[in-house]
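Listed below, chain by chain, are the residues.
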Amino acid sequence: MQIGLGALGSQVANNCIRSGYGKWTYIDPDVLYPHNLARHCLAQEHIGQNKAQAMRDYANALAGVHNPSVINAIPYGVFNGQALDNITSAIRSSKLIVDCSASVAVGRYLSHELAGDTRSVSFFMNPSGTALVMLLEDGKRSICLDTLEMQYYRMLNRTPELCEHLKAEHQTLYSSTCRGTSLVYPQDNAAIFAGLCSKAIKEIETNGGASISVWTLDGLSLLHHEEPGECFEEVRCQDWSVKVSPWLIERLYLQRQVKLPNETGGVLIGTFDFAHHICYIVDSIDSPSDSQEYPDAYIRGSNGLLESVTKIEDLTVGNLCYVGEWHSHPTAHTEPSRDDRTLLQAISGYAYLRGNPGVMAIVGNQSYSVFMKWSDGKQE
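Residue numbers restart at each chain and count upward from 1, following the sequence in its written direction. It should be noted that, the model being predicted, local features are given only for residues of pLDDT at least 70 and side-chain atom pairs only at 80 or more, the latter also being counted only at that level, while totals for whole chains, interfaces and linings use all residues. The side-chain figures draw on all heavy atoms in the structure; neither hydrogens nor water molecules are used.

**Quick word on the overall build of the protein**
Rule in force here: Each helix is a run of DSSP H or I of at least 4 residues and each strand a run of E of at least 2, with the numbering of both proceeding from the N terminus. Burial here depends on accessible area, computed with a 1.4 Å probe over protein chains only, as a share of the maximum for the residue type. Under 20% is buried, over 50% is exposed, and the range in between is partly exposed. Each accessible area value is a Shrake-Rupley result obtained with a 1.4 Å probe; residue values ignore everything except the protein chains displayed when judging cover.
If you tally the helices and strands in the protein, you get 9 helices and 19 strands. Across its three principal axes, the protein shows a C-alpha extent of roughly 75 × 40 × 40 Å. Split into buried and exposed, the 380 residues of the protein put 52% on the buried side. For the protein, the accessible surface area stands at approximately 17800 Å², while carbon and sulfur atoms represent 51% of it.

Below you can see the structure in the form of structure tokens.
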């Protein structure tokens, strides 16, 4: 099953069709416009037609009426309630969901509500069309697209070669709508990346693990950055879920150990998904150099902190931001002290300015606790 038959998606589908790989259901609500023809595999006679239905007809014309490659075309978006039963049925009968929608909302909807037991892989290009990203769930779906997305953002922050990955300069206006821009990049790029996608799809069945891959064009070469997917730890705070990166937890434990017998701390980096009541915590900023660290107290400083937070927000185009603070306790005790509760109140007051709850984590000897507080006094 494939969601999204745009410039990249149509060429991925074309590769799979022409290699005789798979029996497909296509989902896309959009119609083909004249400006799409520069990189879409459909032709002028398909202008004005729904992309999913036109790609189905194109595919089956190649494969022959007696051996159709595409068994269904759904001309609606995945959020369309009228098509939900049809989409759900198609997902349940599929071995893999290939998401080429380039939509964060679609990826999270698949993660939390739509995919069920069906594994998903998401492909998208960066805004300049110079890199391809693959987010691949594991076979058991214990690691889903939403947390892979968070790891991807951290990867951009932690990998110097990817510091300009999300920058975009060349766009073309083709209508007056809010989505009326089209990226300007060579067909060569789309063709190269579509080939990588289709090859990856064919190998997924023999690969049960989760991963994040970024392929970047470098002249006539490709630079490949890859990380295995993490199974985020989940902490419940009443009606909110806090998903915490295991990589980050190990990092905080190590920082705590190095600073003993003193307490230490820093800033937590992540984001909030208000639609699903999820807080993601994926990274941190180390204790500033002017912080005060004692065996029974920690006072975070501010040297370089604003610059570090701003840099992360710029690199990830606002997808990662300040979510709160963390500090350590020199014992196994992770319950907040009176001073900690005062700190959480201050954090929530600051977070309120951005419309967010305040988050505080306390790291002890072998465990940690996470607390959330709204400026109205509600604490979880």
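Additional details are given in the paragraphs that follow.
**Considering the confidence of the model for the protein**
Filter applied, for reference: Per residue, pLDDT measures the predictor's confidence, with a range of 0 to 100. Two residues qualify as a contact provided that any one of their heavy atoms is within 4.5 Å of a heavy atom in the partner residue.
On average, the protein scores 92 in pLDDT, and the residues at 70 or more come to 94%. In the model, residues 172-181 has pLDDT below 50 throughout and makes 13 contacts with residues more than four positions away in sequence or in other chains.

**Focus on the environment of isoleucine 27**
Tracing the backbone through its elements, the reader meets isoleucine 27 in strand 2 (residues 24-27). Put simply, isoleucine 27 and tyrosine 76 are 49 residues apart on the chain and 6.5 Å apart in space, counted from C-alpha to C-alpha. Apart from residues lying up to four places away in sequence, isoleucine 27 is in contact with Met1, Gln2, Ile3, Gly4, Leu5, Ala52, Ile74, Tyr76, Val78 and Ile87.

**Topic: the state of the cysteines**
Note the threshold: Whenever a pair of cysteine sulfur atoms sits within 2.5 Å, that pair is classed as a disulfide.
Enumeration according to the criterion identifies 0 disulfides in this entry. No disulfide involves cysteine 237; its nearest neighbouring cysteine sulfur is the one of cysteine 279, lying 8.3 Å away. Look at cysteine 237 and you get buried, because its relative accessible area is 3%. Free of any disulfide, cysteine 321 has its nearest neighbouring cysteine sulfur in cysteine 279, separated by 8.8 Å.

**Examining the nonpolar core**
The test is simple: Among buried residues, those of type Ala, Val, Leu, Ile, Met, Phe, Trp, Tyr and Cys that are joined through side-chain atoms within 4.5 Å constitute a nonpolar core.
By size, the foremost hydrophobic cluster in this structure holds 49 residues, and its most contacted members are Ile3, Ile87, Leu110, Leu135 and Tyr152. The dominant element in this core, judged by the number of residues it contributes, is helix 5 (residues 145-158), at 7 residues. Those residues in contact with isoleucine 87 that sit more than four places away from it in its chain are Met1, Ile27, Ile74, Gly77, Val78 and Leu114. Among the nonpolar cores identified, the runner-up in size contains 35 residues, and Val70, Leu132, Met134 and Ala190 belong to it.

**Structural notes on the environment of tyrosine 280**
As for its placement among the helices and strands, tyrosine 280 is situated in strand 14 (residues 278-285). Using a relative accessible area of 0% as the deciding quantity, one classes tyrosine 280 as buried. For the pair formed by tyrosine 280 and leucine 268, sequence separation is 12 residues and the distance between their alpha carbons is 9.9 Å. If sequence neighbours within four positions are ignored, tyrosine 280 has contacts with His112, Asp146, Thr147, Met150, Lys243, Ile269, Gly270, Thr271, Asp273 and Val323.

**Some remarks on the side chain of histidine 40**
The condition is simple: Here a polar contact is recorded for every N or O atom pair within 3.5 Å, except that within protein the pair must consist of a potential hydrogen donor and a potential acceptor, and residues adjacent in sequence are included only if both atoms are side-chain atoms.
Relative to the assigned elements, histidine 40 resides in the loop between strand 2 and helix 2 (51-63). You can call histidine 40 buried: its relative accessible area is 7%. Within polar-contact distance, the side chain of histidine 40 engages the backbone oxygen of leucine 5 at 2.6 Å. Those residues in contact with histidine 40, other than ones at most four positions away along the chain, are Leu5, Gly6, Ala7, Ser10, Leu32, Lys51 and Met55.

**A few points about the sheet that holds strand 3 (residues 70-74)**
Here is the rule: By the convention used here, strands pair only if DSSP detects at least 2 bridges between them. To obtain each axis, a line is fitted to C-alpha atoms, and for helices this fit is confined to the stretch in contact; angles are then taken between N-to-C directions over 0 to 180 degrees.
Read from one edge to the other, the open sheet built from 8 strands follows the order 3-2-1-4-5-6-9-10, with strand pairing classed as mixed. Of all strands in the sheet, those bounded by a partner on one side alone are strand 3 and strand 10 (221-228). Where strand 5 (residues 119-125) and strand 6 (residues 131-136) come together, 5 bridges link them in antiparallel fashion. Among the inter-strand pairings, serine 122 is bridged to a residue of strand 6, identified as leucine 135. Together, strand 2, strand 3 and strand 4 (96-99) form the strand contacts of helix 3 (residues 84-92), whose direction differs from that of strand 3 by roughly 150 degrees.

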